[in-house]
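# Coordinates in review
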Amino acid sequence: MNSCIFCAIASGQTGAEILFEDEQCAAFRDMNPQAPTHILVIPKRHISSLNDLGQAPHTLMHHLFLTVQNLAESLGLSRTGYRVVINTGADGGQTVFHLHLHLLGGRSMQWPPG
Ligand code: DGP
C-alpha cells in the first residue's frame, strides 16, 4: 500500500531502527516510546488491523508472537515481564492502520489501561 508508513519501513524506503527482520516480519523501535523498551513488530505484507486477519496465512500471528517472545528474551525482559498490545480501530487507540504488536517493557505496567 503506497501511503502506509509501516509498509515504507518494512520495505526500507523509510528509516527506522530495525532490531530484527525476516521474510515475514520486521521489528523496530517505536518513535514515541511509552516504556523504556517499546518495540513494534509488524508483518511485511499490508494488513490494516486485527479486523483483517482473515486475509493472512494462519501461521502469521504465531510467527509475530514468537518474534515478540524472542525479542523479549534477547532484551532481558522475560524474567521481569512485559506487555504485548494490539490496538484495534478508533476505540482501541489505533493510529497506524497496518497491523502491529507493541512490545512494552522495562517498567511496571498498570491495569486497567487508561
Ligand atoms: P497505534 O496507536 O497502536 O496505531 O500505534 C502506532 C505507533 O506507531 C505509535 O506508538 C507511534 C508509532 N509510529 C508511528 N509512525 C512511526 C514511524 O514513522 N516510525 C516509528 N518508529 N514509529 C512510528
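The present account deals with the structure reproduced in this document. Since we're looking at a predicted model, the values are computed, not measured. (Residues numbered from 1 in each chain as written. Predicted model: local features only at pLDDT ≥ 70, side-chain atom pairs only at ≥ 80, totals over all residues. Heavy atoms only, no water.)

### A short note on the sheet that holds strand 4 (residues 82-85)
- A sheet is described by the order of its strands in space; here five strands give the open sequence 1-2-3-5-4, paired in antiparallel fashion. Bordering the open sheet on either side are strand 1 (18-21) and strand 4, each of which pairs with just one other strand. Recorded for the sheet is a direction-independent mean angle of 20° between the axes of neighbouring strands.
- Inspection of the sheet shows strand 3 (residues 37-43) paired to strand 5 (residues 101-105) by five bridges, in the antiparallel sense. Pairing of Val41 across the sheet is with Leu101, part of strand 5.
- Of the strands in this sheet, strand 1, strand 2 (25-29), strand 3, strand 4 and strand 5 touch helix 2 (residues 60-74), which is tilted by about 155° from strand 3. (Pairing = 2+ DSSP bridges. Helix = DSSP H or I, 4+ residues; strand = E, 2+ residues; numbered from the N terminus. Axes fitted to C-alpha atoms, helices over the stretch in contact; angles between N-to-C directions. Contact = heavy atoms within 4.5 Å.)

### What to know about the nonpolar core
- Ranked by size, the top nonpolar core spans 16 residues in total, and within it Ile39, Val41, Leu64, Leu71, Leu101 and Leu103 carry the most contacts.
- Here this core takes six residues from helix 2, the largest share from any one element.
- Not counting the four nearest positions on each side in its chain, Leu64 is found in contact with Cys25, Val41, Ile42, Pro43, Leu99 and Leu101.
- Judged by nonpolar contacts, the second largest core, of nine residues, contains Phe6, Cys7, Ala10 and Leu40. (Core = buried A, V, L, I, M, F, W, Y, C linked by side-chain atoms within 4.5 Å. Buried < 20%, exposed > 50% of the residue type's maximum accessible area, 1.4 Å probe, protein only.)

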